[in-house]
Amino acid sequence: MNLIDSAVRTEFVDIVGSAHVLADPDMRATYEVDWTRRWTGTASVVVRPADTAELSGVLGVCHRQRLGCVAQGGRTGLVGGSVPRDGEVVVSLGRLDHVGVVDVIGGQLIAGAGVTLAEVHRQASAAGWAFGVDLAARDNATVGGMVATNAGGMRVVRFGQMRSQVIGLEFVLADGTIISRLEGPAKDNAGYDLSQLMVGSEGTLGIVAAARLRLVRELPVRATAMVGLERLEQGIDIVGALRRSATSLEAAEVLDGPTMDVVAARLGSRPPMEGYPWYLIVECAGDQDPSPHMADALADAPSNVSEGSGPRGSGSKGGTGTDGGIDGSRSDSAVAVATDPAARRRLWAFRDQITESIAQLGVAHKLDPGVPLDQLPAFTEEVRHKVAELSASASVHIFGHLGEGNLHVNVLGLRDDDDRVDAAVLELVARVGGSIGSEHGMGKAKARWLSLARSQGEIAAMQSIKQALDPRGILNRGVIFPDPPGSES
Ligand code: FAD
Ligand code: MLT
Ligand code: ZN
């Protein structure tokens, strides 16, 4: 348990100013719970540095005083990683919100850790570029949090994860040492790439202050398709065919029937086709309309793609008919293709609103396995079977990033502290050779299962790195690495 005496608090005040040291319980409250509402804790104090120098000063105090501290960005992380426990110091990065001038020649920008993803998109777009990562939490997720979790999202299939966008970072080690790799040539192999070591380290090795990010060229013409699938295998085949035939496959997302139902209810609108066990959303882009190149791949869908522009296909499975489709039109097709921006947005809403729709129903247990594509269909069946076996009241929602075989398994109707389902699903993932933290990381939520994901040799090497960079073990205790037996939880 951290005990912050008034002398330590005064040290923090001297560094960041009294307005940015929050000790009052009401002021701390929003920093003590995350987006999921499943993870909560208590902070002794919240400290909000304004720049790298202040961040260094704050960590210097924590190091000297051996105070556990947790880095916090937008608190949209889904594995409890940014929530304090046992009176830790929350180091909130929201004030590091400066975006540098976009390098329009090199296609790069430098953004502070507290800059939101939406702001990165705005700045990139204003300069004629784009940013390669997108996720539904864009209005709150920050550059620092996204670097720390190596965030993925809906464009990984095209541009890779956050790691692929990071050219260099400025970050602060546990003892306050500043490491800055924001300047100089992007191509630089002079020694270890410490910036990349920080990516995905979930705040356990250092705190990110700023990132130099690679921008990408946005292809101007897009076509988005929603496809009703009888079997998940059909979606995997379509995505494979699109990878081979389309100019650029930009997204390949999937949601199961129960998930579509809750999203449609929240949106108050019906999807273009209904009654399928799975729905695939794919997007391709090009300098010209990519939809002709998509047609062959989409022909593998339960019924063929229809022709025309704008959203196409708006019927129910089995032709029961609906007048509430994406544009009010009707057909029996299992494929709807949209090329104009408004119609594409309407299709994407069924993907974008998933997490919010599920959260509205309760506090979900959120798992994000990555499974080899050839095992994915059987895996989803087994997950449903396992959950039903363990809890009669639970409901399962499966959705995610089909391009990477990364499906989110959300289970509602479980007690917050009942992790039997979590354990069973993660053991199943390990058995099929998958990743138990494919996208969101380990956080505190999955730390106890680290040995399912990494060998003893790997864990020992990871612990050596942790020991070297954070010798007093003050950064994000209980994240990634489980607490040693017998220690406080
Ligand atoms: P936080 O939640 O504040 O922190 C996350 C972790 O990073 C914690 O361990 C924290 O200690 C650490 N951290 C935060 N800032 C720093 C820093 N400056 N330096 C070092 N460590 C730091 N994630 C995906 O990958 N793909 C998705 O598609 C996706 N979609 C989402 C949709 C919704 C609606 C929501 C709510 C979440 C989604 N997420 C997704 C999860 C989340 O948005 C990401 O994990 C994001 O990267 C977290 O950023 P944050 O700023 O909110 O970080
Ligand atoms: C997503 O892909 O929508 C996210 O990772 C969020 C989630 O898992 O709920
Ligand atoms: Zn995801």
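Look up a bit, the structure's there.
Residues numbered from 1 in each chain as written. Chains lettered and ligands numbered in written order. Predicted model: local features only at pLDDT ≥ 70, side-chain atom pairs only at ≥ 80, totals over all residues. Heavy atoms only, no water.

Draft legend 1. Representation of the site of ligand 2. Contacts to ligand 2 come from Leu78, Arg351, Thr355, Lys366, Phe399, His401, His408, Glu439 and His440. Bound to the protein, ligand 2 loses 87% of the 270 Å² it would expose on its own. Looking at the shell around ligand 2, its residues break down into two nonpolar, four polar and three charged. (Near = heavy atom within 4 Å. Areas by Shrake-Rupley, 256 points an atom, 1.4 Å probe, with all protein chains shown as cover. Nonpolar A, V, L, I, M, F, W, Y, C, P; charged D, E, K, R; others polar.)

Draft legend 2. Looking closely at the pairing of strand S11 (residues 278–286). Judged by how many residues are buried, S11 sits mostly within the fold: nine of nine residues are covered. Alternating positions in S11 separate into two faces, Trp278, Leu280, Val282, Cys284 and Gly286 on one and Tyr279, Ile281, Glu283 and Ala285 on the other, with burial throughout. In terms of strand pairing, strand S9 (residues 221–229) meets S11 through nine bridges, oriented antiparallel. Within S11, the position partnered with Thr224 by the bridge is Glu283. Two strands pair when backbone bridges link them, and strand S10 (residues 248–256) and S11 are joined in this way by eight bridges, in the antiparallel orientation. Looking at the pairing, Leu249 lines up with Cys284 of S11. (Buried < 20%, exposed > 50% of the residue type's maximum accessible area, 1.4 Å probe, protein only. Helix = DSSP H or I, 4+ residues; strand = E, 2+ residues; numbered from the N terminus. Pairing = 2+ DSSP bridges.)

Draft legend 3. Quick peek at the side chain of Ser44. Along the chain, Ser44 falls in strand S2 (residues 43–47). Here Gly87 takes part through its backbone oxygen, which lies 2.9 Å from a polar atom of the side chain of Ser44. (Polar contact = N/O pair within 3.5 Å; in protein donor to acceptor, adjacent residues only side chain to side chain.)

Draft legend 4. Spotlight on a nonpolar patch on the surface. Side chains of Tyr192, Leu194, Leu197 and Ile465 sit close together on the surface and give an oily, nonpolar patch of about 410 Å² of accessible area. With respect to the element layout, Tyr192 can be found in the loop between strand S7 (178–180) and helix H8 (194–198). (Patch = residues over 30% accessible without salt bridge, like charges linked within 9 Å, V, L, I, M, F, W, Y side chains within 5 Å. Salt bridge = Lys/Arg side-chain N within 4 Å of Asp/Glu carboxyl O.)

Draft legend 5. Just the coordination of the zinc ion (ligand 3), in detail. Protein-derived ligands of the zinc ion (ligand 3) are His401 (NE2), His408 (NE2) and Glu439 (OE), with the metal-ligand distances lying across 2.0 to 2.1 Å. Along the chain, the residues donating to the zinc ion (ligand 3) fall in the pattern H-x6-H-x30-E. Residue His401 is found in strand S14 (residues 395–401), and its partner Glu439 is found in the loop between helix H15 (420–431) and helix H16 (450–453); the two are separated by 38 residues along the sequence. Overall, the relative accessible area of 10% leaves Glu439 in the buried class. (Donors = N, O, S within 2.8 Å, 3.2 Å for Na, K, Ca; no water.)

Draft legend 6. Structural view of the packing of aromatic side chains. In the structure shown here, the tally under the stated rule is one aromatic pair. Between Tyr276 and Tyr279 the ring centres are 6.1 Å apart and the planes differ by 80°, which places this aromatic pair in the edge-to-face class. Across the pair, Tyr279 and Tyr276 agree in class, each one buried. Residue placement shows Arg448 over the ring face of Trp449; its charged tip is 4.8 Å from the ring centre. (Phe/Tyr/Trp six-rings, centres within 6.5 Å; stacked < 30°, edge-to-face > 60°. Lys NZ or Arg CZ within 6 Å of the ring centre and 35° of its normal.)

Draft legend 7. Main features of the sheet that holds strand S5 (residues 108–112). Within the open sheet, the four strands sit side by side as S5-S8-S6-S7. Their pairing is antiparallel. Lying at the two open borders of the sheet, with one neighbouring strand each, are S5 and S7. For this sheet the average axis-to-axis angle between neighbouring strands, irrespective of direction, equals 15°. Judged from the six bridges that link them, strand S6 (residues 166–172) and strand S8 (residues 207–214) form a sheet pairing that is antiparallel. Considered in S8, the bridge of Gly168 is made with Arg212. (Axes fitted to C-alpha atoms, helices over the stretch in contact; angles between N-to-C directions.)

Draft legend 8. Region of interest: the site of ligand 1. Around ligand 1 there are 36 residues in total, and Ala71, Gly73, Thr76, Gly77 and Thr142 lie nearest to it. Between ligand 1 and Thr76 there is a distance of 2.7 Å, counted from an oxygen atom to a side-chain nitrogen or oxygen. For ligand 1, an oxygen atom lies 2.9 Å from a polar atom in the side chain of Asn476. In isolation ligand 1 offers 970 Å² of accessible surface; the protein chains occlude 97% of this area. Those elements that provide at least two residues to the shell around ligand 1 are strand S3 (69–72), helix H5 (143–149) and S8. Residue composition of the shell around ligand 1, by class: 14 nonpolar, 19 polar and three charged.

Draft legend 9. Examining the nonpolar core more closely. Leu242, Val282, Leu298 and Val383 are the most contacted members of the largest nonpolar core, which totals 53 residues. Setting aside anything within four residues of it in sequence, one finds Val282 in contact with Ala223, Thr224, Ala225, Val239, Leu242, Leu249, Ala251, Ala252, Met294 and Leu298. Leu135, Met146, Met198 and Ala211 belong to the second largest nonpolar core, which has 28 residues in total. (Core = buried A, V, L, I, M, F, W, Y, C linked by side-chain atoms within 4.5 Å. Contact = heavy atoms within 4.5 Å.)

Draft legend 10. Main features of the pairing of strand S15 (residues 406–412). For S15, the buried fraction is high: seven of the seven residues fall into the buried class. Both faces of S15 are covered, namely the face carrying Asn406, His408, Asn410 and Leu412 and the face carrying Leu407, Val409 and Val411. The pairing of strand S13 (residues 365–367) with S15 spans three bridges and is antiparallel. Bridging from a neighbouring strand, His365 pairs with Val411 of S15. As paired strands, S14 and S15 are joined by seven bridges and run antiparallel to one another. In the strand pairing of S15, Ile398 is matched with Val409. Count of turn residues in the S14/S15 antiparallel hairpin: four residues, of which Gly405 carries a positive phi of about 65°.

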